[in-house]
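If you want the building blocks of each chain, they are given just below.
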Amino acid sequence: SGVLLDHSDLQGQLVQGYDFISSASNAKDGDGRDADPNDVGDAASAGDCGWGRPDADTESSWHGTHVAGTIAAASNNGIGVAGVAWGVKILPARALGKCGGYSTIKTDAMRWSAGLSVAGVPANANPAKILNMSLGGYGSCSTTYQEAINDVVNVGATVMVAAGNSDSNAANFNPASCDNIVSIAATKRDGGRAEYSNYGSVVDVAAPG
């Protein structure tokens, strides 16, 4: 979902990202693709997304900022939390907005993040070593996802994927069921599996959720 670029605990922790959402209504920022990955929120009113979704008004998740902070929030500054890897930099690639986003947008963001060329998008001066994908949906790994994953892995990036939060077998979700990724389940404070976390043989590692 991008990040809040002015968040006090992310100052100095970001490199130049990109907004891959082409629909102004989906992006909620008044335009299409551009070099501004700022998260303006993904709140939606009941029925906004078609087919009766969502069934009630939703608030913005600010999920990209949450994840960026978990990874790299500035430390020893008396503000908020300390990221678990505060020495790294975050490359925000905005691919999800109001009502979610399309696989082709996500895979464009993946390829660009790893330093591969994407038509109509300026070259990425700071290719990422690790791609974090805390997203997913029901169903097996699609060709669209798998081809993009293979492309970025072939240039040296590692793809970290959420196993999912549906208390189900992660083999039935994507991109957690794709090849060439690291699938991560969630644990709770006592070290056991979080009740909501997906599980199964495709899970590679578990970490506090």
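Residues numbered from 1 in each chain as written. Predicted model: local features only at pLDDT ≥ 70, side-chain atom pairs only at ≥ 80, totals over all residues. Heavy atoms only, no water.

A.B. asks: Just checking my understanding: could you explain the environment of Val161 for this structure?
C.D. replies: With respect to the secondary-structure elements, Val161 resides in strand 5 (residues 158-162). Put simply, Val161 and Ala85 are 76 residues apart on the chain and 17 Å apart in space, counted from C-alpha to C-alpha. Other than its neighbours up to four places away in sequence, Val161 contacts Met133, Pro175, Ala176, Ile181, Val182, Ser183 and Ile184. (Helix = DSSP H or I, 4+ residues; strand = E, 2+ residues; numbered from the N terminus. Contact = heavy atoms within 4.5 Å.)

A.B. asks: Just checking my understanding: could you explain the nonpolar core for this structure?
C.D. replies: It is characteristic of soluble globular proteins that their nonpolar side chains tend to be buried jointly. Core analysis: the largest hydrophobic core is formed by 27 residues, its most contacted members being Phe20, Met110, Trp112, Leu131, Val152 and Val159. Elements that contribute at least two residues to this core include exactly helix 3 (103-113), strand 3 (130-133), helix 4 (143-154) and strand 5. Every residue in contact with Leu131, bar those within four places of it in the chain, is listed here: Met110, Ser113, Ala114, Val152, Ala157, Thr158, Val159 and Met160. Counting 5 residues, the second largest nonpolar core, distinct from the first, contains Leu10, Ala68, Ala72 and Ile90. (Core = buried A, V, L, I, M, F, W, Y, C linked by side-chain atoms within 4.5 Å. Buried < 20%, exposed > 50% of the residue type's maximum accessible area, 1.4 Å probe, protein only.)

A.B. asks: Just checking my understanding: could you explain the pattern of salt bridges for this structure?
C.D. replies: Side chains that differ in charge, positive against negative, can pair when their charged atoms come close. A full pass over the atoms with the stated rule returns 7 salt bridges. Here Arg94 ties to Asp29 by a salt bridge, and the two come within 3.7 Å at their closest N and O atoms. Taken together, the positions of Arg94 in strand 2 (residues 93-94) and Asp29 in the loop between helix 1 (24-27) and helix 2 (63-72) put the pair 65 residues apart, joining distant regions of the chain. The class of Arg94 is buried, set by a relative accessible area of 0%. (Salt bridge = Lys/Arg side-chain N within 4 Å of Asp/Glu carboxyl O.)

A.B. asks: What is the right way to look at the side chain of Thr65 in this model?
C.D. replies: With respect to the helices and strands, Thr65 occurs in helix 2. Those residues in contact with Thr65, other than ones at most four positions away along the chain, are Gly2, Val3, Leu4, His7 and Leu10.

A.B. asks: Hey, could you run me through the sheet that holds strand 7 (residues 182-187) in this one?
C.D. replies: Think of a sheet as strands paired side by side through backbone hydrogen bonds, with each pair either parallel or antiparallel. Spatially, 4 strands are ordered 3-5-7-8 in an open sheet, and the strand pairing comes out parallel. Bordering the open sheet on either side are strand 3 and strand 8 (205-208), each of which pairs with just one other strand. Direction aside, neighbouring strands of the sheet carry axes that sit 30° apart on average. In this sheet, strand 8 lies alongside strand 7 in parallel orientation, the contact comprising 4 bridges. For Ala186, the partnering residue across the bridge sits in strand 8 and is Ala207. (Pairing = 2+ DSSP bridges. Axes fitted to C-alpha atoms, helices over the stretch in contact; angles between N-to-C directions.)

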